[in-house]
Amino acid sequence: MTGPELLVLWDIDNTLISARGFGKLMYREAFLQAFGRELSVPVDLGGRTELDVIAEILKQHDIEHTDEASQLLATALANSFETRRHDLPGHSEVLPGALEALRHFANDPRVHQGVLTANLRSVAKIKLEAFGLADLVDWDVSAFGDDHADRAELVRFARERAGHIRPFTPDEVVLIGDTPHDVYAATTAGVRLVAVATGRSSRQDLHEAGATAVVDDLSDLDELIRHVWKTAARGNRSA
Ligand SMILES: [Mg+2]
């Protein structure tokens, strides 16, 4: 075989970095900017695509869900992050082992890696650039929260985009993420997953959601590497 054997797709929030409420703050600013009034209902972000979150916010605030309204809020959100990009490091941190793990897979010729994230493309880039991680992933094989509202559909986008490298079969695609939404995306799309319990979900939560491979965090690189290759070889749904 020539070329990489695995396509590894990283979730960002609470998998690579922890942003401690920064996303909610950006939504508050963006909503005010877009609609001239305060966000009055708390936003639940964890693992949901931005298009999905935006649809719910519009509904909760009795704003008709048109493409225009959705785009207005998405653009305002991207602008808020762009304006505040220099505040991001003060409000967030790279999670233990994330840099080393990204570097490892970036340097392994058997692996090609990108991101699969609920964030808008521009916001995902701002977040990884803030910590010097952006050059370690291939943005052209990645998928984002503005590609589709359904996280499972993002897997299709990433696989199609990676098609110019070679066609990765579902068992050659490994997602790494921290929420049941990541588990859902992998299971629905039929690809593999290593879950990381660095978000709100415990190991047990992630197992109950259907994850077979779960690590506490990314700090044990050998353990992560083992799980990534094992889950790809074994298949996510056979356990
Ligand atoms: Mg996450």
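Residues numbered from 1 in each chain as written. Predicted model: local features only at pLDDT ≥ 70, side-chain atom pairs only at ≥ 80, totals over all residues. Heavy atoms only, no water.

1. Considering the side chain of T49
When you line up the elements, T49 lands in the loop between α1 (22-35) and α2 (50-60). Residue classification places T49 among the buried residues on the basis of a relative accessible area of 1%. Reaching out from T49, the side chain makes a polar contact with the backbone oxygen of A149 at a distance of 2.5 Å. Here T49 is in contact with A118, G145, H148, A149, D150, R151 and L154, once residues within four sequence places are set aside. (Helix = DSSP H or I, 4+ residues; strand = E, 2+ residues; numbered from the N terminus. Buried < 20%, exposed > 50% of the residue type's maximum accessible area, 1.4 Å probe, protein only. Polar contact = N/O pair within 3.5 Å; in protein donor to acceptor, adjacent residues only side chain to side chain. Contact = heavy atoms within 4.5 Å.)

2. Examining the packing of helix α3 (residues 67-83) against helix α6 (residues 121-130)
One way to put it is that α3 packs onto α6 with a least axis distance of 9 Å and a crossing angle of 15 degrees. Considered as vectors, α3 and α6 are oriented roughly parallel to each other. Viewed along their axes, α3 and α6 form a crossing whose handedness is left-handed. Residues A78, F81 and E82 of α3 form the contact with α6, whose own contacting residues are S122, V123, I126 and K127. Residue composition of the contact of α3 with α6, by class: four nonpolar, one polar and two charged. (Axes fitted to C-alpha atoms, helices over the stretch in contact; angles between N-to-C directions. Parallel < 35°, antiparallel > 145°, perpendicular 65-115°, else oblique. Left-handed = near helix turned anticlockwise from the far one by under 90°. Nonpolar A, V, L, I, M, F, W, Y, C, P; charged D, E, K, R; others polar.)

3. Section: the pattern of salt bridges
One pass over the full model with this rule turns up 17 salt bridges. Notably, a salt bridge pairs K127 with D13, separated by 2.9 Å at the nearest N-O pair. Note that K127 is positioned in helix α6 and D13 in the loop between β1 (6-10) and β2 (17-18), a separation of 114 residues in sequence. Among the residues examined, K127 registers a relative accessible area of 4% and is labelled buried. (Salt bridge = Lys/Arg side-chain N within 4 Å of Asp/Glu carboxyl O.)

4. Description of the packing of α1 against α3
Viewed as axis vectors pointing N to C, α1 and α3 meet at an angle of 125 degrees, and their least axial separation amounts to 8 Å. Viewed along their axes, α1 and α3 adopt a mutual orientation that is oblique. Our pair here, α1 against α3, has a crossing hand that is right-handed. Of α3, the residues touching α1 (which contributes F22, G23, M26, Y27, E29, A30, F31, Q33, A34 and F35) are A69, L72, L73, A76, L77, N79, S80 and F81. Here the residues of the contact of α1 with α3 sort into 13 nonpolar, four polar and one charged.

5. Details of the layout of surface pockets
With a probe scaled to a water molecule rolled over the atoms, the places where space remains empty come into view. Here the largest pocket defines a volume of roughly 540 Å³. Forming the boundary of the largest pocket are 30 residues, of which D13, N14, L45, G46 and G47 lie nearest the centre. If you list the elements that add at least two residues to the lining of the largest pocket, you get β2, α1 and α3. Here the lining of the largest pocket gets four residues from one element, more than from any other, and that element is α1. Two domains each put at least three residues into the lining of the largest pocket: domain 1 (6-18 + 92-234) and domain 2 (22-88). (1 Å grid on protein atoms, 1.4 Å probe; cavity = no way out; pocket = protein on both sides within 12 Å on 5 of 7 lines; lining within 4 Å. Points joined across faces, edges and corners; volume = space filled by probe spheres on them. Domains from an automatic or database assignment.)

6. Things to note about the sheet that holds strand β4 (residues 111-115)
Strand order in the open sheet formed by five strands is β4-β1-β5-β6-β7, and the pairing between neighbours is parallel. With one partner strand each, in any of the chains shown, β4 and β7 (214-215) form the two edges of the open sheet. Pairing analysis gives four bridges linking β1 to strand β5 (residues 173-177), with the strands arranged parallel. Counted as the bridge partner of L7 is V173 from β5. (Pairing = 2+ DSSP bridges.)

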